[in-house]
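# Structural overview
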Amino acid sequence: MEHAVSDTAAADATAAEDPAAPAGEAGTAPDPTGPDAAPADGDASGEAVAAPSREAGNDEAEAGTGVGGPEADAAPSGEAGDGGPEAEPPVSGTGGVGESPAGPTTDGETDGTDAEAAPAPADGDAGDAGAEGAAEAKPALSEAAAELAAQKIERERIARRKAEREGPVEAGAKLSGKAADLLAAVRAVESGGTPPAEFDAPPAPRRTVPAPAPERTPGVTPETASAPAPSAPSVAPAAAPMTATPAAPSADAVQAVREVLARGGAPETLAPQAAAALGDDAAEELARSPWRLLAVAGVRPAQADGFARALLGAGATGPGDERRAAALVGWLLAQAAAKGHTVLEAPTLESALAQYGVPDPAEALEAAVGDGAALAFEEPVGPPVGEDEEQPVRVLVGLEGSAMAEESLAEGLARLAGTFTDPADWDKATAGPGAELIRAVAGHGLVTHTGGESARAEPRALLAAAREFGLRACLAAHAPADDAVTVAGLLGGTEGPGRDADGQFALDLLIVLDAPQLDVETAAALVESVPDGARLVLSGDPAVLGSAGPGRVFADVLSARACPQLVSRVPDPGPIGELVSGVGVGELNQVDAPGKEVVIVPVRDAGEAVHRTVQLVAESVPRAFGIPADAVQVITPGHGGSAGTRALNAALKERLNPGPGRFGGFDPGDRVVHVPFPGRALPARVVSADAQGLHLAGAAGARIVVPKERVESQVRHGWAVTAHQAVGARWPAVVVVLPGDAAQALSRDWVYTAFGRAERHLSVVHGVDQALPRAVAEVPAKPRTTRLAGLLRTLVASARGPEQA
């Protein structure tokens, strides 16, 4: 291996790994106009909808850069056990949901949704919500504030019209060109006026087709046992703690959906999932618009087409059906959200709609926006222009949940950033570790802090200082950590200071570690709960893998430069720290590891990778370093393949805790990962099982009971995990497995995250040859299209005034 990390002969304390790389790795999607494109008529004749197969654990958040294309667009299957939406094998056009296409493929950690139409690169400096509505605002308001207010009014109007089931509605900011003209014509007819001459009167009001909900593992809910019960991403008033668990559908609703599915030839086993996704009116929704079946995780457009044809008849459906187009817009945006995007550019969506046979993608998108299935925004591109010039813009389209969360988050962060005008007197604490951070927090309501693992000592020093001053301070982290509550537990009310009478956190200072793991909806809920007059510190390592959910909150806040930014100067020590620091800047350097802190174990194939991994965990590392096998963590790029987490966990269980697996494949003593909902992975150990379900012992001895019907979707073995499952945690020894067929899954942030989980010893089971240094040097994190940076930058600049901006 070029750029050898350490002595390759020192294989006595190393690891093994070998998951096959997914056929459609995120970021390598086929061209939507290529051979994988959908038939022109959007037909899926003869294709039946099959029940999606689900295993516990694949929800990686490796984000590609676009939306799904036909046939090769594998949706996340909702396997429990990972931190983001990771996909099962893509579904082919000849089978049902869950079948694999021709050719080898595995469900790698970074699979995501394949076959994307790559969007134009996001403008990091853009993000304004548009200019429409500013003229209606009070003169004292800034343009940005007026725009946000106008958009809120538009959304309220959409909600009212949806409730009344009236015709086309206004949504989001103004569209330009043909979109604006068409919507103007619709509004004229609605108000009794005459449309412009170039447009005929619109047809009868469309029936609103709500956008499909983002794909999630059906039935996944936070446990109410001793484990933290995280709240889920949905923007709600701070006084009402958010919940990740929608109300369970009634038995009557499920039965009604089952009957509709049976009429359309779809498996009745989808009924509970469809009812949960669409609500008690699910049967009526499906009967009216069969394409709403796309709201069920794992269902592909071709299968929804087949269901619609069977339910309505071939003569009543077609690729240009407006109900189909509206459902496709929502589904495509949900696929993009699973890859980390909060919005997509309109041309990207139009291109994807064209792949699915929609005759007029631009008109279909305009109709979907007009019906409130999605929101549209104009974002300025490039520097401001003169009064007589037209500002270039790009039109962005997103689902209401992420769009509202992003705006709410921007407003909340701007509120905190403008809280303090005079610094507090904290001089007596401004010496020693974290002094610079303490000084910054003394004078500002919002501060960011970046650094590696060693830098986490600085926020802890701030926490201690704040408590000495008598402040109510809290430290929150993504994963269980010393002296910290989890973000999920804090939002759910099971950890931390609780909430006051107004529903806000009863604290004066909130320090959030692992800030890169915040998605926009979780971050919005968190910031909305921070009271006026309190301080917020976002701390993390920007080089690690991003959040499982949509958005790039920490990166956007850093990009906006809306608050003081403290960069830690504390390096991570030792050979592992030196190695990881090099990876962070794109260099895979050889490091001196006299104590075998870093060891490379070359392997030829997946079978050898699995064998060497088991040997390292069970024998070599414990013997060489005195680290017990239970303190050695295996990390591999994906769940599937010959050396993915499933294969490695099976081999490690056989060696470390053999048993019949009489509790749904588990035995007492098994090391597992519990995923109460996608994006939340909790290490645990199996204790027992009874009629209540599977009993687990979590962090700090917390007892968790997983109902037996959820064990398959929420629990998987945990000797081997993916990097997203591992982020935020560290172990004394880590074995990173890189089999040859995982080369396409590697990126700089993946390698940085995996290598950085080790404290004392890192073994790399290496079978990817030059793909490893190439990934470190040439494959950065995949981009995400968001609006937060621009929104926050504009709001903060407006608050400061032109003389300070």
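Residues numbered from 1 in each chain as written. Predicted model: local features only at pLDDT ≥ 70, side-chain atom pairs only at ≥ 80, totals over all residues. Heavy atoms only, no water.

It should be kept in mind that the predicted coordinates are not to be read in detail where pLDDT is low. Averaged over the protein, the pLDDT score is 76; the fraction of residues at 70 or greater is 68%. The weakest mean pLDDT in the protein belongs to strand 2 (residues 116-117) at 36; the strongest belongs to strand 13 (residues 632-635) at 98. Per-residue pLDDT stays below 50 along residues 50-141; that stretch engages in 380 contacts with residues further than four places along the chain or on separate chains. Below pLDDT 50 for its whole length, residues 165-245 participates in 202 contacts with residues either more than four positions away or in separate chains. (pLDDT = per-residue confidence, 0-100. Helix = DSSP H or I, 4+ residues; strand = E, 2+ residues; numbered from the N terminus. Contact = heavy atoms within 4.5 Å.)

Moving on to helix 22 (residues 771-778). Looking at helix 22, one finds that the buried residues are A771, L772, P773, A775 and V776. In the core, the buried residues of helix 22 are packed alongside helix 16 (574-584), strand 20 (731-738), helix 21 (748-755) and strand 21 (758-766). (Buried < 20%, exposed > 50% of the residue type's maximum accessible area, 1.4 Å probe, protein only.)

One pass over the full model with this rule turns up 2 aromatic pairs. For the pair W331 and Y356, a centre-to-centre distance of 6.0 Å together with 90° between the ring planes defines the contact as edge-to-face. Within this pair, whereas W331 is found in helix 7 (residues 322-338), its partner Y356 is found in the loop between helix 8 (346-355) and helix 9 (361-370), the two being separated by 25 residues in sequence. There is no split in this pair, since W331 and Y356 are both buried. Where W426 meets F469, the ring centres are 5.3 Å apart and the plane angle is 25°; that geometry is what we call stacked. Separated by 43 residues along the polypeptide, W426 in the loop between helix 10 (400-417) and helix 11 (435-443) and F469 in the loop between helix 12 (457-468) and strand 7 (473-477) bring together distant segments of the chain. Given the relative accessible area of 23%, F469 is considered partly exposed. (Phe/Tyr/Trp six-rings, centres within 6.5 Å; stacked < 30°, edge-to-face > 60°.)

Time to look at the sheet that holds strand 3 (residues 344-345). Spatially, 3 strands are ordered 3-5-4 in an open sheet, and the strand pairing comes out antiparallel. Whereas interior strands pair on both sides, the edge strands pair on one side only; in this sheet they are strand 3 and strand 4 (375-380). Inspection of the sheet shows strand 3 paired to strand 5 (residues 393-398) by 2 bridges, in the antiparallel sense. Bridging from a neighbouring strand, E345 pairs with L396 of strand 5. (Pairing = 2+ DSSP bridges.)

Below, the discussion takes up the pairing of strand 6 (residues 446-450). By the criterion of burial, strand 6 is predominantly enclosed, with 5 of the 5 residues buried. Judged by which residues are buried, strand 6 turns out to be covered on both faces: L446, T448 and T450 on one side and V447 and H449 on the other are all buried. With 5 bridges connecting them, strand 6 and strand 10 (residues 535-540) associate as parallel partners. Paired with T448 across the two strands is L538, which belongs to strand 10. Where strand 6 and strand 11 (residues 565-567) come together, 3 bridges link them in parallel fashion. Bridged to T448 within strand 11 is Q565.

On to the side chain of Q504. Relative to the helices and strands, Q504 is located in the loop between helix 13 (487-492) and strand 9 (509-512). When its relative accessible area of 18% is taken as the criterion, Q504 is described as buried. Reaching out from Q504, the side chain makes a polar contact with the backbone oxygen of E528 at a distance of 3.3 Å. (Polar contact = N/O pair within 3.5 Å; in protein donor to acceptor, adjacent residues only side chain to side chain.)

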